[in-house]
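A structural walkthrough
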Amino acid sequence: MSSMEGTQKRVRTPDSTDPIASFMSRRFGLAGGLAWLGFLAVGTLGEQVKTRMEVAAEKAGTVDVADSPAVTLPSGVSYKELRVGGGQQPSKGLLVVLDYIGRADGVEFENTKARGKPIVLLFGGRPFVAGMSPGLEEALKGMKAGGKRIVSVPPELGFGDRGYVMRPTEHVPDKQGLIPPGAQLEYEVELLRVSIPPS
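Residues numbered from 1 in each chain as written. Predicted model: local features only at pLDDT ≥ 70, side-chain atom pairs only at ≥ 80, totals over all residues. Heavy atoms only, no water.

Right, let's talk about the overall build of the protein chain for a bit. Scanning the protein chain from N- to C-terminus turns up four helices and ten strands. Along the protein chain, helices (α) and strands (β) appear in the sequence α-α-β-β-β-β-β-α-β-α-β-β-β-β when read from the amino end. Burial status across the protein chain gives 35% buried among its 199 residues. Considering only contacts in the protein chain between residues 6 or more positions apart, those separated by 24 or more positions represent 66%. About 12800 Å² of surface is accessible on the protein chain, with carbon and sulfur atoms providing 58% of the total. (Helix = DSSP H or I, 4+ residues; strand = E, 2+ residues; numbered from the N terminus. Buried < 20%, exposed > 50% of the residue type's maximum accessible area, 1.4 Å probe, protein only. Contact = heavy atoms within 4.5 Å. Areas by Shrake-Rupley, 256 points an atom, 1.4 Å probe, with all protein chains shown as cover.)

Looking now at the pairing of strand β7 (residues 148-153). Both faces of the sheet carry side chains from a regular strand, because those side chains alternate between them. As paired elements, strand β3 (residues 78-84) and β7 share five bridges and run antiparallel to each other. Its bridge partner lying in β7, Tyr79 is registered against Val151. (Pairing = 2+ DSSP bridges.)

Turning our attention to the packing of aromatic side chains. In the structure shown here, the tally under the stated rule is four aromatic pairs. Consider the rings of Tyr100 and Phe109, whose centres lie 6.4 Å apart with planes at 55°: the pair is tilted. Members of the aromatic cluster, connected to one another through ring pairs, are Tyr100, Phe109 and Tyr187. Looking at Arg149, its charged tip hangs above the ring of Tyr79, at a distance of 3.7 Å from the centre. (Phe/Tyr/Trp six-rings, centres within 6.5 Å; stacked < 30°, edge-to-face > 60°. Lys NZ or Arg CZ within 6 Å of the ring centre and 35° of its normal.)

Let us look at the pairing of β3. Bridge count for strand β1 (residues 63-64) against β3 is two bridges, and the pairing is antiparallel. Pairing of Asp64 across the sheet is with Arg83, part of β3. Across two bridges, strand β2 (residues 71-72) lies against β3 in antiparallel orientation. Across the sheet, residue Val71 finds its bridge partner in β3, namely Tyr79. Between the antiparallel neighbours β2 and β3 lie five residues, among them Gly76 with a positive phi of about 105°.

Before going further, it helps to examine empty space enclosed by the protein. Scanning the model with the defined rule gives one cavity of 30 Å³ or more in all. In this structure, the largest cavity occupies an estimated 30 Å³ of space. At the level of elements, β4 (95-104) and β10 (185-195) are the ones that each hand at least two residues to the lining of the largest cavity. Counting residues per element, the lining of the largest cavity draws most heavily on β4, at three residues. The residue makeup of the lining of the largest cavity, split by class, is two nonpolar, no polar and five charged. (1 Å grid on protein atoms, 1.4 Å probe; cavity = no way out; pocket = protein on both sides within 12 Å on 5 of 7 lines; lining within 4 Å. Points joined across faces, edges and corners; volume = space filled by probe spheres on them. Nonpolar A, V, L, I, M, F, W, Y, C, P; charged D, E, K, R; others polar.)

Tracing the backbone shows Gly160 in the loop between β7 and β8 (164-166). Among the residues examined, Gly160 registers a relative accessible area of 16% and is labelled buried. Dropping the residues within four chain positions of it, Gly160 is found in contact with Pro155, Pro181 and Gly182.

A few words on the side chain of Ser195. Among the secondary structure elements, Ser195 is positioned in strand β10. Contact partners of Ser195, with chain neighbours within four places excluded, come to Leu94 and Leu95.

Let's shift gears to the environment of Ala145. Residue position: Ala145 is located in the loop between α4 (134-141) and β7. Residues Ala145 and Thr62, spaced 83 residues apart in sequence, show a C-alpha to C-alpha distance of 8.6 Å.

Despite not being glycine, Asp67 has its phi angle at roughly 55°, a positive value. For Asp67, the location among the structural elements is in the loop between β1 and β2. Here the phi dihedral of Asp105 falls at roughly 50°; this positive angle occurs in a residue that is not glycine. Position of Asp105 among the secondary structure elements: in the loop between β4 and β5 (107-111). For Asp105, a relative accessible area of 48% gives the class partly exposed.

Interpretation in functional terms is not warranted from these geometric data alone.
This is how it looks when you write it as structure tokens:
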């Protein structure tokens, strides 16, 4: 073995979380890397401006409603508008943030507002989490972000004959509540935000 083979130099390449920035720096030097970072900063700023404009439009389009009539859907789910939202409607795969007070046969089983921890979920995802039910999901489909409704869900679109036990989670260790079998559910639900989930 020659002394050359034993003492081969290792070429160290910088680790980067952004392969484009690495390529731009190697190809065009420091100026290229900085130009790419500037481009990213402008893109991020543009997203922030867009988000602020969407929030402003949502607030401008949100209207409190007094004495709205109850609406009954063909499934038997009924709701009454308390506030009509001005934001985006939820659809399958979108990220939804909501607050609700849930009652089963008049007994409260969940109150995210009192706890200060809204529910965050992918709309249309299964299995249902955190006291969500098929009936509530159906009522949310017609809402817009910023809206608030009182939703009444019959047992067959709630938790039916099996009922449901709210269990503590890592994020909400004090969660507890019981939905008895065959319970009529009522939700006072506020749709806080609808957005595209982060990739």
